[in-house]
Amino acid sequence: MNPGVIARLRDIVPLRPLTYSQAMRIAELQAARFLKLLDITEGPVPESAISELPRLQVDRVRFLPASGATQWASQRWLVLLNGSEPRERQRFSLAHEFKHIIDHRFADLMYAKFPDADRKRMTEQLCDHFAACLLMPRPWVKRAYCGGIQNIARLASLFDVSQSAMQVRLSAIGMIDRAPRCIDDWTSPILRNTNDKIYERSANPRFATEQVA
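The rules behind the values
- Note that residues are indexed from 1 along each chain, following the sequence as it is written.
- Under the rules for a predicted model, residues below a pLDDT of 70 receive no local features and side-chain atom pairs below 80 are neither given nor counted, while totals for whole chains, interfaces and linings still include all residues.
- Side-chain descriptors were evaluated using all non-hydrogen atoms of the structure, hydrogens and water having been removed beforehand.
- A strand pair is defined by DSSP finding two or more bridges across the two strands.
- Only runs of H or I of at least four residues qualify as helices and only runs of E of at least two qualify as strands under DSSP, and these elements are numbered from the N terminus.
- Working convention: axes come from line fits to C-alpha atoms, limited for helices to the stretch in contact. Angles between N-to-C directions cover 0 to 180 degrees.
- To define a nonpolar core, start from buried Ala, Val, Leu, Ile, Met, Phe, Trp, Tyr and Cys residues and group those joined through side-chain atoms within 4.5 Å.
- The buried label goes to any residue with under 20% of its type's maximum accessible area, the exposed label to any with over 50%, and the partly exposed label to all in between, with areas taken from a 1.4 Å probe on protein chains only.
- For this analysis, residues touch if any pair of their heavy atoms sits within 4.5 Å.

**Q** Tell me about the sheet that holds strand S1 (residues 56-61), and name the residues and values.
**A** Hydrogen bonding along the main chain pairs the strands of a sheet, whether they run parallel or antiparallel. What the 3 strands build is an open sheet, ordered S1-S3-S2; its pairing is mixed. Each edge of the sheet is formed by a strand with only one pairing partner; in this case those strands are S1 and strand S2 (68-73). Ignoring which end each strand starts from, the neighbouring axes of this sheet average 20° apart. As paired strands, S2 and strand S3 (residues 76-82) are joined by 6 bridges and run antiparallel to one another. Bridging from a neighbouring strand, Thr70 pairs with Val79 of S3.

Structure, rendered in structure tokens:
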């Protein structure tokens, strides 16, 4: 694995405050760049693409009070995944947490324009967007869908994601009608632990809390 992968993904980000739409576009560019750097050209994207990066460790913990947690400790990133959750959800949580790692160094600058009241929710949505772009890249999904695989269960199996995640992704890229707002179980309740702050999101992405340990 290239030891400079994370740095090369960070290089995509301009060092200035971003609008939400700009941040969404950059998240998709980062996902595409990551796949290109690792020469991954078809799904499902292997977990090892992230877990085998230098200075990154992934552990599974049963009964973790959230879907995932990320912490810098002992000169490496430690990502904890809730081992009691379905494997597809764990894959999405890992990709989500990886975006937090990418953003860590410049997050305060990148998201400075986001309204204070909405910043946590917006950044979590950006991480969800990155995870969706990484596991279900737009060109791959369109190729499969236009190639005749239009059953959501079959598409979800092809990309090793949940059916809910695939339905939302198809809606997001305009292949099907927009999914109902109530369909949000594909997103993971995230617990992010960085330095002295713990960020937690409920299962419903419209509600989020921030706690200081």
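**Q** Account for the nonpolar core, with residues named and values stated.
**A** Counting residues in hydrophobic clusters, the biggest one holds 43 residues, and the most contacted among them are Phe34, Phe98, Met136 and Phe159. Setting aside anything within four residues of it in sequence, one finds Phe159 in contact with Gly43, Pro44, Arg91, Leu135, Met136, Trp140, Val141, Ala144 and Met166. Residues Ile12, Leu18, Tyr111 and Met122 belong to the second largest nonpolar core, which totals 11 residues.

**Q** Mind laying out the environment of Leu109, listing which residues take part and the relevant values?
**A** Mapped onto the elements, Leu109 comes out in helix H5 (residues 107-110). We classify Leu109 as partly exposed; its relative accessible area is 36%. Once the C-alpha coordinates of Leu109 and Arg16 are considered, the two residues, 93 residues apart in sequence, prove to be 6.2 Å apart. In contact with Leu109, other than residues within four places in its own chain, are Leu15, Arg16 and Pro17.

**Q** Give a detailed account of the pairing of S3, specifying residues and quantitative values.
**A** Counted residue by residue, S3 has 5 buried out of 7 residues, so it is predominantly covered. Inspection of the sheet shows S1 paired to S3 by 6 bridges, in the parallel sense. Residue pairing in the sheet places Val61 in a bridge with Asn82 of S3. Connecting the antiparallel pair S2 and S3 is a turn made up of 2 residues, with Ser74 showing a positive phi of about 55°.

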